[in-house]
Protein chains: 2
Amino acid sequence: MEEAPHCWPGRNTGLTSLYLSMDDSQASRAGSTSPAASASTASHGSQMEEAPHQYANTSTASDTAASLPESQSEGQNSSNLINSSWEMNYHEAAIFLEEGENNDKFNSHPRDRSALPAYLVTHNHWFYSLDLFAALLLLSLATIEQPAVFHVRRAGGGARLVELFGLFLVGISIVMQLRWLGPRTFLTHRRSAVKGLVTWIVMLIDAVVVISRNKTHFRVTRAMRPIFMVDNRYLGGVRRFLRQILQSLPPIMEMLAILFFILLIFSTLGFYLFSPNQEDPYFSTFSQGFVSLYVLLTTANFPDVMMPAYAKSRWSAAFFIAFLGVSLYFIMNLMLAVVFVVFSDIEKEKFRKLLVHKRRACQYAFRLLVTCSQPSQVSFRHFHGLLRFFRPGTSDRDAFLIFKALNRSENGRLTRNEFYNIYDMCGYAWRTQVPPPPWFNGLPGPIRGCCYLIRRLIKWKWFDYFIYFIIIVNALVLITHTIILSTANIPITHDLHVTWDQITVVALYSVEALLKIIGMGPWHYFRSGWNVWDFAITALALGGIVAEEFADSFFYIVILRPLRLLRLFRVRKRYHAVFQTLVILLPRIVSAIIIIIITYYFFAVVGMEVYSQYDMKNCCVNTTVEQFYKEDNSTLYPDFYFLNNFDNIFMAGVTLFELTVVNNWFIIMEGYVAVTSEWSRLYFMVFYLVMMVVMSVVVAFILEAFTFRMEYNHTVLGDAVDGVSLKKEDLTVIHSAIFDPRTLQQFSACLQNEESAQFEGVGQRTKIVLQRRMYRDEIPVWLSQADREYADSPNLPGSTHSPPGRGEPIPVTLPATHDSPQQTPPSYVGSLNGSLDGGLLGT
Amino acid sequence: MEEAPHCWPGRNTGLTSLYLSMDDSQASRAGSTSPAASASTASHGSQMEEAPHQYANTSTASDTAASLPESQSEGQNSSNLINSSWEMNYHEAAIFLEEGENNDKFNSHPRDRSALPAYLVTHNHWFYSLDLFAALLLLSLATIEQPAVFHVRRAGGGARLVELFGLFLVGISIVMQLRWLGPRTFLTHRRSAVKGLVTWIVMLIDAVVVISRNKTHFRVTRAMRPIFMVDNRYLGGVRRFLRQILQSLPPIMEMLAILFFILLIFSTLGFYLFSPNQEDPYFSTFSQGFVSLYVLLTTANFPDVMMPAYAKSRWSAAFFIAFLGVSLYFIMNLMLAVVFVVFSDIEKEKFRKLLVHKRRACQYAFRLLVTCSQPSQVSFRHFHGLLRFFRPGTSDRDAFLIFKALNRSENGRLTRNEFYNIYDMCGYAWRTQVPPPPWFNGLPGPIRGCCYLIRRLIKWKWFDYFIYFIIIVNALVLITHTIILSTANIPITHDLHVTWDQITVVALYSVEALLKIIGMGPWHYFRSGWNVWDFAITALALGGIVAEEFADSFFYIVILRPLRLLRLFRVRKRYHAVFQTLVILLPRIVSAIIIIIITYYFFAVVGMEVYSQYDMKNCCVNTTVEQFYKEDNSTLYPDFYFLNNFDNIFMAGVTLFELTVVNNWFIIMEGYVAVTSEWSRLYFMVFYLVMMVVMSVVVAFILEAFTFRMEYNHTVLGDAVDGVSLKKEDLTVIHSAIFDPRTLQQFSACLQNEESAQFEGVGQRTKIVLQRRMYRDEIPVWLSQADREYADSPNLPGSTHSPPGRGEPIPVTLPATHDSPQQTPPSYVGSLNGSLDGGLLGT
C-alpha cells in the first residue's frame, strides 16, 4: 500500500512546511497504483500541478502553473482526471451531509453520474421556490374557481389555464426526480410515488376533462392540492409534524373508542330517562340523544340540553354532570395525556434517528475524503473541498476556522470522531474574540466624544427605567383616553386629531431608538430581537402619527395606537424567557399553523362543493335554530348566522374556524342538516374529530416544547460558543490548500504582529442542542449501536455488490475495517453505480 | 461506658442462643450507671424478668415469671421502671414514625408525659371520625338554613342548635390540641391557629349573635365552614392538593397578567374598530368590549360576538381569529404548560421532602430503640415493641417476618440503614411463598373433582372468549332494542317487561361469576378489581331483572340495563392499564373532587346570600338575554334559564357547574347583572378565574399522573415482592422476645419438619415506588444531604437545651456523633421536655 497520490502536503506534521509539496509530489511519483485503484483514479504524476481546486470542468491550471516547477506534462491528463475525481468525491460527500441534515434517506441519492445534473437542478433554492410557487398557485386557484372570492371575467377558463400551468411545473419536478432516482427507486419512494403517480395524474386528467367538457363538475380532487404543498422541500417541518400526527393516531383511536362507548351508554341511558318527557327535544329518539350528547361533548349545547330535564326533575342534573365529568374532564384530558406521552416518545425517537442518520452521513462523507495512505484522517485541503459544495457561502477564513475548531487534537488532520461535529461547527458564525472597537472610533474627535457619551447614557440603568416609565404612562394615558372617549359617547371617527401627548411619546420612542442605534452601532442594535421589536413598533407609531395627521380619511390607522402598548412586554424581564422560547419554537408553530390551514383547505373545498349552492338566509323554518338564521329586524340585534356558510374559500375558512372553536357549532350543523339531509352531520362531526386530533397534537406539542424548554431554561442559557486560536504555523497549512493570494493576505492581516489570534464561533441554541443535553446518558448508547451497525456494513450504501454495466463499471471493494487503508478516491461513478443499482434496490 | 442495661439477649450473634438471657442479666448487673443516665433509667437488675412487653401500667409479670428463674426481687421495682421507660420509648418512636408517614412536623409532638393522653385521644380513628362528622354536620347545615333545600319546621332554630353542637365538637378537638401542644406551639402551628383562633371564634360569635337576635343576617362566615373539613386528619391529600394549587399561583398570575394585557390591547383595538358600527352591541363601549372579549376568552359567545362586525366587513374575522389564536390557543395552553411544569416540580419536591422527613423520623425512632451497649443496632425485642404501637394490628409472625426482611445482613440486629426500610416493609402483606392448595382441597372426592374441572374450565382461554362474545352480543342486542324502540315511537314506560334474552344474559353472567368464585375460591376471586367489577355489575343486573319483574311501578330501574355494557371494558386488554392507573390515582382524584366541591360550597354560600332573593323568571326584559328567561310557551321549547339560580345549595351547585363548563355562562351572568348591578360581574368573573386555576391544576395533575404512569408502565408492572426465609435458628430469637407460647407454636408449625420456610411480602406499587425509581439518581444525593444535616444536629428535636422545670427536669445530653454509645433508654419525659420547651420553641 505504498501509493498515496492524494496525500495532504503537510502530512509530515508540518515541520518541514511549505516545501513539502516537492516531497509529496516525489512520493506520489514513486507510488505504484494499487490493485484496487480504478482506471479513473490512476495516479501518475503530481497532483500539485492542479488548479487551486476549482470545479473540474473549468480547470484553469495556467495561473498557478508557474509556482509549481515540477509539473510534468505527461501527468497533466491523469492529474485532471484525479482532480475531477476529487471534485466528484467532494460533491458526493456534500450530498451525503445534506441528506443527513435533511433526514433524507440515502437512497434518494443521484443514481449515477449522468443523473447528477438533474439532481443538482432539483436540489437548488431556485427550483424549490419554483416548486413552492407552483403549489401555492394551485392552492390559490380556489379563490377564482367557483364559488369564487374574486369574480374575475372569464375566471373559469383562466383558472383552467393556470391550473394546467401549475400542474406542468409540478410535472417538471416529478420528471426531474424520476431522472435522478431512476424509475425503480422512484416507485419505492412512497411520498414521491403518491405525489407523482397518483395525485398528479388524477388531477391532470381531472383538469383536462373539465377543459374538454368546458363545464365544471363535482371536483373534490381539488381538496388534494395541499399534497403538492406538503411535498415541497421547504416544508420538511410540516411533513414531520404530519408524520407525528399519524403516529399519534393509534392511541388516540383507542381513547376515541372509549369515548364513543361512553357516548353509547349515556345515549341509551338518556333515552330511557328523558324520552318520556315530551318537552325535551334533545332526547326524543335514540339517535337524537346520541347527537345531543356528541354536541354536549363539546359543551356547545350546555346547559340548554339539560334544562328541560332539569325543569322536570332536579336529579337529572346528575346525569349531565356525570357525563361531562367522565367524558369531558376525564377522558378528554386522558387523551391529551396519551397524545402528550406519545408525542414526547416520538420526539425522542425522531431525535435519535436524526442523530444516527447524521452520524451515518458523516461516516459516508468522511470515507470519500480520505486518501489511501491516510485512510482515517482528512486533510484541510479535502475538507475545504467538501465545504465548497456543502456550504458554498463559507469564506476561506471561516472554512479554516471550522477545520481548526473540529480538529481538537490539533495535529492538522481530522479523525472521524472529530469530523462528526461538522454540522454544529458549520452552523456557527465566526468572529474575532476581541470585541471590535465601536463603529464611531474612526470619526473625528468631537463627534466621537458625543457618541461615547451616548453609549454611556444608554448603558445607564436609569435610562431603561425612564423608558419603562414612559411606556407605562403611555399605556395608562391611552386606556384612560379610550375610556373617556367611550363614556363621552363621541363618535370615534371624530377622534382622528393627533394630540400632543401622542406626539411626545412617539418622539421619545424615536429618540430612544436613535440613541441606541448610535450608541450600539446599527449592527449590534438590530442583532437583538427586542430592539427590532421596539424599532418596528416605533416606526409603526411614527408612521401612524404621520398618517393620522395628513391622511385622516383612512380611519383604521388608529389601530396603530394600541400597538404601542406591546412595548410593555419589555418591562417585565420574566416575559423575555417566554418570548425567547416562542422565537425558538416559531418554526414548529408555523408548521402547526400550516397543518391547520391545509386541513381547513381540504374541508373548505369539500364544503364548498357540497354546500355553496344553499342560501342560508331565512332558512331552517320550524327548526330549533330558526331564529339564528332570520334576517329580519324584529329582534333587537339580528344573529347573522347565515353568514357562516361556504360561499367562498375564505368564508368557508371562517366557518371552519368557528367549528374549530366549537362554541355554537351545532347551530351551523343543524342549519345545513335542515337544508340538506341528516348525512350532513357526518361532515361536521368528522371535521370536529379531525380538528380534535390535530388540536390535541398541537396542544401536546406546545406543552412538550414549553415544558422541555422550561426545564432546561435554568441550565442552558445564551448561545453556544466555541473558541479557536489561529497561529502562525497555520498559515503554511492554509497555503498548501488555498492558493488564492488574497485569502492568505487576509489571514496574515488577522495575525498582524502577534503570535496567535483568537476567534470564536457563536451558534444559536436550537432544540437539538437542548435535546442533546437531555439525552446525554442515552446518546452514547445510540451512537455506539449505530457505529456497530456501520461496522457491520461499512461500505457506501450498497457498494458491496458489483454494479451492472452502466457508465464505467469498476468494482469497488472497500475494506471491511477502517484500520486497513482504503483506496482513494473511490470512483464516483463506480460507487454510485454500486450504491443504488446493486445495493439498496437489491435489499 | 461499660453499662449496658438494656441489651438484647442475643447480642452475641445468637450462637449461644436461648440461655444468653442469663449472660445478659449478669452483664447488666455488672454494669455501672453511666454519668448521664437519668433517674428513671437507673439500670439495676435484669430486665429479663419483665412481663412480655405489655403496657407498663398493666404489668402482669406473673404468668411468665416461671420461665425466668434468675428474677431478683430487689430488681423488681427498677425493672418495672425500665419497662415503663421502654414502653414510653416504643410509644414515642411510633409517634415519630407516624409523624414521618403523615408528613407532620416533629414539633406537633406531645409536649410532655402529661400531654400524652390528650395526644392519644386526638390521634385516634374515633376522634378523627368525630371531627369529620362535626365538619360534615356544619357543612350540611347549608341544606336547612335559608334558602333551604329541605323545608323543615322550625328549621331556623334547629339549624342554630345543630351549628352550636358542631362548633362544640370542633371546639373539643381544638382544646385537645391545645392541651398536647401547649399554647405557644399551638400558635406557631399556622393551620391550627387559623382554624382554632380565627375561624372557630368568628363562627361561634356569629352563631351566638344569630341566636340572640333570633333572625339571620348576611352570613358569609358560613362560606368558611369547609376550613374545618380540610383540617381533618383524613383529608391530608386535599390539604396537599390545596398547597400545590397555592404554590402554582405565582406563575399562573404571571400568565394571567399577560392575558389581561392582551385583553386590554384587544379591547382598545376592538373599541376603535367596531364601536362606529351601530348594530354591534358587543363593542359599544370600552367596558362592554372588555366584557365581550373576556367572555370570548371562554369562547362562550363565539361566533355571535363576531357576527355583527363580520356582517359589515369580512376582514373583521381576522381580529377575532387573532384574538382567539393568541389568547385561547396560545396563552391558555402556555398557562397549562407552566402549571404542568410547576406541578411536576412541586411533585418532585414533595416527594423529596417526604422522603427526607421519613428518613429523619426513622433516625429519631431508631435512637429511641437502641441500648447503650449496642448504640447502632436494634434488637428484635425492641423492634417488636415498636411495632406494637406503630402497627398495632401486626401479628407476631408478621412482625418477625418484617424484622427478617429488614435485616439484610442477617445478623439478628438492625442497623440504621436497614431500619430505614421499615415503612415499605410494614406496608407489605406476608404470606407463604408456596401457593396454598385450592380451597376445595379438603372437600370430599367427587365434589373436589368437580371443582378441579371448574378450575380448568375457567382457565381455558375459550371460556373467556365465550364470555366476551356474550358481552358483545348483549351490547348489540341492547342497542338494537333501544333503536327499534326509539323509531317505533312506543312510550318507553311500557317497555318494562323482562324479555328472555335479558334473562339469558344475566343468567350467563351469574353462572360465570359463580363458576369463577368456585374455581378460584372467593378470596382469590375478589382480590382482582376486575372480578369485583364484574360481580357488582352482575349483581346489579340480577337485582334489576328481579325489580323489573316484580316492582314495575318503579320505572327508573331500567337504567340498570345499559350498565351491563360496562363489562365491555374488560374485553380490550389495553384498557386494563388505563383503569389500573385510574385506581392507583383514585385517592388523588378524590382529593381534586373534594377541592372542587369546597370551592363550589364557598361560592354557593356567597351566591345564595347575595342572589337567592331574586326571582329570575321572566326577568331581564329588554336585555339581550331576555328570551332565555321567558317562561311563556310562545317558542317551541322554553329555555328554562330561570332555573339556573341560587335558590338552594344544590341548585347553586348546578349553576356553578354550568359556570365551570363555561358554555353560555354569560347568559346567567347577564341575567343577574340585569336584576342587580354591574358589580355582579365580579362574582362571576372571579369564579371563572378561580375555576380556571383549579381546573388547570386538576388537568395538570391528570396529565402529570398519567404521563408519569405511562412512562413507567413498561418498566414496572405488578406488585412489589420481597422474599424472606424463616429458619430453625430464628425460633430462638423469637423466643427471646415473644413469650406467648401460641406464637411459638405457630412458628414451629410453619417450619414443620423442614429446615426453612419461605415467605413473601407483597405490596402495592404506589406512586411513591414509581417515584423512587424515577429519581433513583437524585435520591442518594438528597439522602446524604439529609444525613449530613442530621449529623449536624443529631439530637431529638430540640433536646440539646436544658429543659426548664416541669415534671422531672433531667438534663439529657446525647453524644454528638453516633460512634460513641448513647445512654438508653433516654427519659421520655426528659427528652420531650427538652424537645419542645427548650428546643424548638427557642429556635
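These remarks concern the structure in this document. If you're wondering where the values come from, they're calculated on a predicted model, not measured in any experiment. Just so you know, the residues in each chain are numbered from 1, in the order the chain's sequence is written. Lettering for chains starts from A, numbering for ligands starts from 1, and both go in the order in which the items are written. Under the rules for a predicted model, residues below a pLDDT of 70 receive no local features and side-chain atom pairs below 80 are neither given nor counted, while totals for whole chains, interfaces and linings still include all residues. Side-chain numbers come from the whole structure's heavy atoms, not from hydrogens or water.

### A short note on the interface of chain B and chain A
- Here, residues are in contact when the closest pair of their heavy atoms is within 4.5 Å. The partner chain A presents 91 residues to the 92 residues of chain B that form the contact.
- Buried area between chain B and chain A, both sides added, is near 9,000 Å², and the carbon and sulfur share of it is 76%.
- A pairing counts as a salt bridge when a side-chain nitrogen of Lys or Arg comes within 4 Å of a carboxyl oxygen of Asp or Glu. Put simply, chain B and chain A have zero salt bridges between them.
- Of all the secondary-structure elements, those providing two or more residues to the side of chain B that touches chain A are helix H10 (236-274), helix H12 (307-312), helix H13 (316-367), helix H19 (461-488), helix H23 (560-563), helix H24 (573-611), helix H26 (649-661) and helix H28 (680-713) of chain B.
- Polar here means any residue outside two lists: the nonpolar Ala, Val, Leu, Ile, Met, Phe, Trp, Tyr, Cys and Pro, and the charged Asp, Glu, Lys and Arg; Gly therefore counts as polar. Along the lines of polarity and charge, the residues of the side of chain B that touches chain A split into 65 nonpolar, 17 polar and 10 charged. Summed over both partners, the accessible area lost on bringing two parts together, with a 1.4 Å probe, is the buried area. Counting from the N terminus, the helices are the DSSP runs of H or I reaching at least four residues and the strands are the DSSP runs of E reaching at least two.

### Concerning the packing of aromatic side chains
- Two aromatic rings, drawn from Phe, Tyr or Trp (for Trp, its six-membered ring), form a pair once their centres lie within 6.5 Å of each other, and the interplanar angle then sorts them: stacked below 30 degrees, edge-to-face above 60, tilted otherwise. Scanning the entire structure with this criterion turns up 97 aromatic pairs over all chains.
- With centroids separated by 5.4 Å and ring planes inclined at 55°, the aromatic side chains of Phe383 of chain A and Phe403 of chain A adopt a geometry described as tilted. Here Phe383 of chain A, found in helix H13 (residues 380-390), pairs with Phe403 of chain A, found in helix H14 (residues 396-406); they are 20 residues apart in sequence, far enough to count as distant.
- On the accessibility criterion, Phe383 of chain A (0% relative accessible area) is buried.
- For Phe403 of chain A, a relative accessible area of 1% gives the class buried.
- Where Phe274 of chain B meets Phe320 of chain B, the ring centres are 5.5 Å apart and the plane angle is 10°; that geometry is what we call stacked. One end of the pair, Phe274 of chain B, is in helix H10; the other, Phe320 of chain B, is in helix H13, and 46 residues separate them in sequence. Any residue under 20% of the maximum accessible area for its type is buried, any over 50% is exposed, and the rest in between are partly exposed; the area is computed with a 1.4 Å probe on protein chains only.

### Overview of the nonpolar core
- What makes a nonpolar core is a set of buried Ala, Val, Leu, Ile, Met, Phe, Trp, Tyr and Cys residues whose side-chain atoms join them at distances within 4.5 Å. Residues Tyr629 of chain A together with Tyr629 of chain B are the most contacted members of the largest nonpolar core, which totals 319 residues.
- For this core, the element with the highest residue contribution is helix H12 (residues 316-367) of chain A, accounting for 20 residues.
- Residues in contact with Tyr629 of chain B, not counting those within four places in the same chain, are Met616, Lys617, Asn618, Cys619, Cys620, Tyr641, Phe642, Ile667, Ile668 and Gly671 of chain B.

### Thoughts on the relation of the copies chain B and chain A
- Expressed as a screw operation, the relation of chain B to chain A combines 0.0 Å of axial shift with a rotation of 180°, fitting to an RMSD of 0.1 Å. This pairing of chains is accounted for by a two-fold axis. It is Asn663 of chain B whose C-alpha, among those of chain B, lies nearest the rotation axis, at 3.7 Å. C-alpha atoms of residues with pLDDT of at least 70 in both copies form the basis for the least-squares superposition of the copies.

### Here's the deal with a positive patch on the surface
All names here are of chain A.
- Distance thresholds for patches are 9 Å for like charges and 5 Å for nonpolar side chains (Val, Leu, Ile, Met, Phe, Trp, Tyr), applied to residues having over 30% relative accessible area and no salt bridge. Working definition of accessibility: Shrake-Rupley area with a 1.4 Å probe, residue cover restricted to the visible protein chains. We treat Lys and Arg as the positive residues and Asp and Glu as the negative residues; His and chain ends play no part in the count. For this purpose, a charge sits on NZ of Lys, CZ of Arg, CG of Asp or CD of Glu. A contiguous patch of positive charge on the surface is contributed by Lys105, Arg240, Arg243 and Lys353.
- By the secondary structure assignment, Arg240 is in helix H9 (residues 236-274).
- What makes Arg240 partly exposed here is its relative accessible area of 31%.

### Here's the deal with helix H27 (residues 665-675) of chain B
- Extensive coverage of H27 of chain B is indicated by the burial of nine of its 11 residues.
- Listing the buried residues of H27 of chain B in full gives Trp665, Phe666, Ile667, Ile668, Met669, Glu670, Gly671, Tyr672 and Val673 of chain B.

### Regarding a nonpolar patch on the surface
Residue and element names in this part refer to chain A.
- A surface patch of nonpolar side chains, amounting to about 500 Å² of accessible area, comprises Leu187, Leu197, Val198, Ile201, Val202 and Ile205.
- Sorting elements by how many residues they give to the nonpolar patch places helix H7 (residues 190-213) first, with five residues.
- Relative to the helices and strands, Leu197 is located in helix H7.
- On the basis of relative accessibility, which here comes to 40%, the residue Leu197 falls in the partly exposed class.

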